[in-house]
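What follows is the residue order along each chain.
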Amino acid sequence: MADLYGGQAVIEGVMMRGPHHFAVAARRASGEIALTCEPVPKILRPAWQKLPFLRGGFSLVDAMTLGTKSLFWAAKIAEEDTRIPVSSLDEVVPDSQIAPTEGVVAVKQPGGVSDTLIGGAMITGLVFAVFLFKILPQFGIEALKKTTSLHGYQLGMVDFVVRFSIFTIYILLIARMHHVYRVFQYHGAEHKAINALEAGKELTVANVREASRLHPRCGTSFLVIVIFLSVLAVAFFYDRPLWQRILIQLAMVFPVAGVAFELLRIAGKFRSNPIMAAFSRPGMWTQLLTTREPDDSQIEVSIASLNAAMAAESAVSGNASETQIG
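Below you will find a few notes about this structure. What you are looking at is a predicted structure, and each value in this text was computed from that prediction instead of being measured.

### Describing the overall build of the protein
The helix and strand inventory of the protein stands at 11 helices and five strands. Expressed as a percentage of its 326 residues, the buried residues of the protein come to 47%. In the protein, of all internal contacts separated by at least 6 residues, the share reaching a separation of at least 24 is 72%. For the protein, the exposed surface amounts to about 15,600 Å²; the carbon and sulfur share of it is 66%.

Shown next, in the form of structure tokens:
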């Protein structure tokens, strides 16, 4: 099933994952595509991941862990390309999960990245996101309560506008950096490959190029839903003191993620339904900020990553029906 696959852009590359395996492909300075494929580290029991509304929070943690691990791998590849000659880079190693392809080499997982470092980076990113999108806006709402006559749903509307504005401004600012712009191109390449796969097309550069760079299961759409649900979560508590609203926001992180995941899953499954299409539209529009049109070399990387993930999954019998956030 095509909706078993999701992904993420990394430095000069793309990570693609299925229920049991993930692959990361990155373009080297030599022009070759470095590729690694491994089992997905299951930090949570699979039984919990199948429970509606609970699996969303677990999937979020799982995706953050895997995404951080993939980012470190790609960063290590980029660092090595700048430090030593291409000819002496990581030894090419046989890997039965990676089909031999011209211009693609399997490489060992670069060393020096511990689980502690990955966990620390993940926690730091989560704390920053919670502060930026959940705690900081509440200080603005508190100022409005003291200086205006706004109340109830009016404060809720302002809250949503403030949160979405913070998100938009943040994306626009980082998009001005060259390396982030290229990550957004790889993000577009990842979506195009997934869209081509879900359309039943052969994964060629020509077919993938024609696909849309927007996808309803994107993490960007997930964040838009989370922002909206986070406002609803405190809709009846704007009259409470600031510290109580912050505690409510923190307590609702996991439940909000669970509901957002289910809504995103439904939107992706029934994308042809007019109601679901309308529901997905704000998130799809926001993806215009977080994706850019990729070139053919970037599309090749996304195809290599997706092919490796699918090859690994085909060797596993009884795939679980786990929808991935793309």
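### Describing the packing of aromatic side chains
Counted under the stated rule, the structure contains four aromatic pairs. Summarising the aromatic geometry, the rings of F160 and F228 are spaced 6.2 Å apart at their centres and angled 85 degrees between planes, so their arrangement reads as edge-to-face. Of this pair, F160 sits in helix α4 (residues 152-174) while F228 sits in helix α7 (residues 219-233), and the two are 68 residues apart along the sequence. F160 sits in the partly exposed class, given a relative accessible area of 29%. Counting every residue linked through ring pairs, the aromatic cluster contains F160, F164, F167 and F228.

### Focus: helix α8 (residues 242-251)
What α8 keeps buried is the set L242, R245, I246, I248 and Q249. On an axial view of α8, the arc spanned by its buried residues comes to 160 degrees, and they lie on one face. Residues of α8 that are exposed and angled more than 90 degrees away from the buried face: W243 and A251.

### Description of the pattern of salt bridges
Tallied over the full model, the rule gives 10 salt bridges. A salt bridge links K76 to E79, with the shortest nitrogen-to-oxygen separation between them at 3.9 Å. Of the two residues, K76 and E79 both sit in helix α2 (residues 55-83), three residues apart, roughly one turn of that helix. On the accessibility criterion, E79 (36% relative accessible area) is partly exposed. We note a salt bridge from R217 to E198, for which the minimum N-O separation is 2.8 Å. Remark: E198 occurs in helix α5 (residues 178-198) and R217 occurs in the loop between α6 (205-210) and α7; sequence separation between them is 19 residues. Here E198 falls in the partly exposed class, since its relative accessible area comes to 24%. Three or more residues are tied together by salt bridges with common partners; here these are K192, R213 and E293.

### Some points on the nonpolar core
Grouped together as the largest cluster of nonpolar side chains are 26 residues, with contacts concentrated most on Y5, M16, A23, A25, L203, V208 and L306. Those elements that provide at least two residues to this core are β2 (13-17), β3 (21-27), β4 (33-39), α5 and α11 (296-314). For this core, the element with the most residues is α11, which contributes eight residues. Membership of the second largest hydrophobic core comes to 11 residues, among which are M15, V40, L66 and I77.

### Focus: a nonpolar patch on the surface
On the surface, L51, L54, V61 and F254 cluster together to form a nonpolar patch covering roughly 280 Å² of accessible area. Within the secondary structure, V61 sits in helix α2. Exposure remark for V61: the relative accessible area of 31% places this residue in the partly exposed category.

### Considerations on the packing of α5 against α11
Running from amino to carboxyl end, α5 crosses α11 at an angle of 50 degrees, the nearest separation of the two axes being 8 Å. Relative to α11, the element α5 is oriented oblique. Where α5 crosses over α11, the handedness of that crossing is right-handed. Contacts between α5 and α11 pair R182, Q185, Y186, A189, E190, A193, I194 and L197 from the former with Q298, I299, V301, S302, L306 and M310 from the latter. Its residues assigned to classes, the contact of α5 with α11 shows nine nonpolar, three polar and two charged.

### Observations regarding the environment of W243
Tracing the backbone shows W243 in helix α8. Sequence spacing of W243 and I135 is 108 residues, and the spatial spacing of their C-alpha atoms is 9.6 Å.

### Quick notes on the pairing of β3
With seven of seven residues buried, β3 is to be regarded as a mostly interior element. Of the two faces of β3, both are covered, the one formed by H21, A23, A25 and R27 as well as the one formed by F22, V24 and A26. Relative to β3, β2 is paired through five bridges, and the arrangement is antiparallel. Bridge pairing in β3 links R17 to F22. Linking β2 back to β3 in an antiparallel pair, the connection comprises three residues. Of the pairings in the sheet, the one linking β3 to β4 comprises seven bridges and is antiparallel in character. When the sheet's bridge partners are listed, F22 is paired in β4 with E38.

Rules of the game
Residues numbered from 1 in each chain as written. Predicted model: local features only at pLDDT ≥ 70, side-chain atom pairs only at ≥ 80, totals over all residues. Heavy atoms only, no water. Helix = DSSP H or I, 4+ residues; strand = E, 2+ residues; numbered from the N terminus. Buried < 20%, exposed > 50% of the residue type's maximum accessible area, 1.4 Å probe, protein only. Contact = heavy atoms within 4.5 Å. Areas by Shrake-Rupley, 256 points an atom, 1.4 Å probe, with all protein chains shown as cover. Phe/Tyr/Trp six-rings, centres within 6.5 Å; stacked < 30°, edge-to-face > 60°. Arc of directions from axis to C-beta. Salt bridge = Lys/Arg side-chain N within 4 Å of Asp/Glu carboxyl O. Core = buried A, V, L, I, M, F, W, Y, C linked by side-chain atoms within 4.5 Å. Patch = residues over 30% accessible without salt bridge, like charges linked within 9 Å, V, L, I, M, F, W, Y side chains within 5 Å. Axes fitted to C-alpha atoms, helices over the stretch in contact; angles between N-to-C directions. Parallel < 35°, antiparallel > 145°, perpendicular 65-115°, else oblique. Left-handed = near helix turned anticlockwise from the far one by under 90°. Nonpolar A, V, L, I, M, F, W, Y, C, P; charged D, E, K, R; others polar. Pairing = 2+ DSSP bridges.

Any functional reading would require information beyond the geometric quantities listed.
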